[in-house]
Amino acid sequence: VISINCVVNEFDWLMDKKQLLLINKTSFTREKYYQMKPEELLAFDPGVEIYTSTDPKQDSLSFFALRALYDLDSNYLDVEDARIIKVADAAIFPDKAKLSVGRNGRVSELKNAEILANRSTLLHKFYNATVNIGSRKRYTASGLYDYTPADGEVTTLEMSDIAVNSKGETFAGTAISDSMNFMLNRYFRFKGKMEITASKNKIYFEGGYGFVHECYA
């Protein structure tokens, strides 16, 4: 039996396939649901019609979805229209709003997901992310992040270490090598360590700096 509890508005029993089609309804259309911006999804209260893990280790991890298909033989839940999952201080957006839940009640690894952190400030966005959700308070991930200096071009960096610290805050870090030719701005080159804390607008850099300038004869 799958370790998840769900409250839905209705279901269809597909007897020949040994599957249950679980359906939730809202006051708005599915089209409107997909037009919602992150701020609207964060503010949306689904009420009791949610899916909640019953595994104590997952600390009541829950999410809302319009539809899901439960296979009685495999005990797998294939979820559609799950646009957002709240974990720790982050909002995680599954690719195409789809995810799978195994018989242990764990959400399978997400690919090409988007992460916004934190949910109050929405300061930092990671995308094309691979995400492993451990519980309502814990996840690990890797993904892309666009560094935007005040006076330079956007640089896309691969954040290899995205996780939750002891304060329940999302943090991310990566190593920047000399071969990456990374520019803090148009005047300074940098190599070293870059760290992001979701609650802070400023990014922490530790390493070596080089001044870039033009010489005129």
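Here the structure is a predicted model, which is why all the values come from computation and not from measurement.

Here we take up the pattern of salt bridges. For the structure shown, the criterion picks out 10 salt bridges. Between Asp 59 and Arg 136 there is a salt bridge, with its nearest N and O atoms 2.8 Å apart. With a gap of 77 residues between them, Asp 59 in the loop between strand E4 (51-53) and strand E5 (62-63) and Arg 136 in the loop between strand E12 (124-135) and strand E13 (138-147) connect regions that are remote in the sequence. A residue is classified by how much of its surface remains accessible, and Asp 59, at 27% relative accessible area, is partly exposed. Relative accessible area serves as the criterion here: at 36%, Arg 136 is assigned to the partly exposed category. Linked through salt bridges whose partners overlap, the residues forming this network are Arg 30, Arg 67, Glu 80 and Asp 81.

On the secondary structure map, Asp 16 appears in the loop between strand E2 (10-14) and strand E3 (19-23). For the pair Asp 16 and Arg 30, spaced 14 residues apart in sequence, the C-alpha separation works out to 28 Å.

Moving on, we come to the packing of aromatic side chains. Aromatic rings considered in pairs are described by the distance between their centres and by the relative angle of their planes. Counting across every chain of the model gives 14 aromatic pairs. Plain terms: the ring middles of Phe 28 and Tyr 33 are 6.2 Å apart, the flat faces sit at 20° to each other, and that makes the pair stacked. For Tyr 33, a relative accessible area of 2% puts it in the buried group. Aromatic ring contacts, followed pair by pair, group Phe 28, Tyr 33, Tyr 34, Phe 44 and Phe 64 into a single cluster.

Below, the discussion takes up the sheet that holds E3. With antiparallel pairing, 5 strands are arranged side by side in an open sheet as E2-E3-E6-E7-E10. Of all the strands in the sheet, the pair left with one neighbour each is E2 and strand E10 (99-101). With strand direction ignored, the average angle separating the axes of adjacent strands in the sheet is 20°. As paired strands, strand E7 (residues 76-80) and E10 are joined by 3 bridges and run antiparallel to one another. Residue pairing across strands places Leu 77 opposite Val 101, the latter belonging to E10.

A few words on the nonpolar core. Ranked by internal contacts, the top residues of the largest apolar core, which has 46 residues, are Phe 63, Leu 77, Leu 99, Ile 115, Val 131, Ile 133 and Tyr 139. With residues near it in sequence (within four places) discarded, Ile 133 still touches Leu 61, Ile 85, Val 87, Ile 92, Arg 106, Val 107, Leu 110, Arg 138 and Tyr 139. Membership of the second largest hydrophobic core comes to 12 residues, among which are Phe 28, Tyr 33, Leu 41 and Ile 84.

With an omega of -5°, the peptide bond running from Ala 117 to Asn 118 counts as cis. Mapped onto the elements, Asn 118 comes out in the loop between strand E11 (110-117) and E12. The backbone of Lys 96 sits at a positive phi, close to 60°, despite the residue not being glycine. Tracing the chain through its elements places Lys 96 in the loop between strand E9 (90-93) and E10. The phi angle at Asn 128 is positive, at roughly 50°, despite the residue not being glycine. As for its placement among the helices and strands, Asn 128 is situated in strand E12. The exposure class assigned to Asn 128 is partly exposed, which follows from its relative accessible area of 46%.

Cut-offs and rules
- Residues numbered from 1 in each chain as written.
- Predicted model: local features only at pLDDT ≥ 70, side-chain atom pairs only at ≥ 80, totals over all residues.
- Heavy atoms only, no water.
- Salt bridge = Lys/Arg side-chain N within 4 Å of Asp/Glu carboxyl O.
- Helix = DSSP H or I, 4+ residues; strand = E, 2+ residues; numbered from the N terminus.
- Buried < 20%, exposed > 50% of the residue type's maximum accessible area, 1.4 Å probe, protein only.
- Phe/Tyr/Trp six-rings, centres within 6.5 Å; stacked < 30°, edge-to-face > 60°.
- Pairing = 2+ DSSP bridges.
- Axes fitted to C-alpha atoms, helices over the stretch in contact; angles between N-to-C directions.
- Core = buried A, V, L, I, M, F, W, Y, C linked by side-chain atoms within 4.5 Å.
- Contact = heavy atoms within 4.5 Å.

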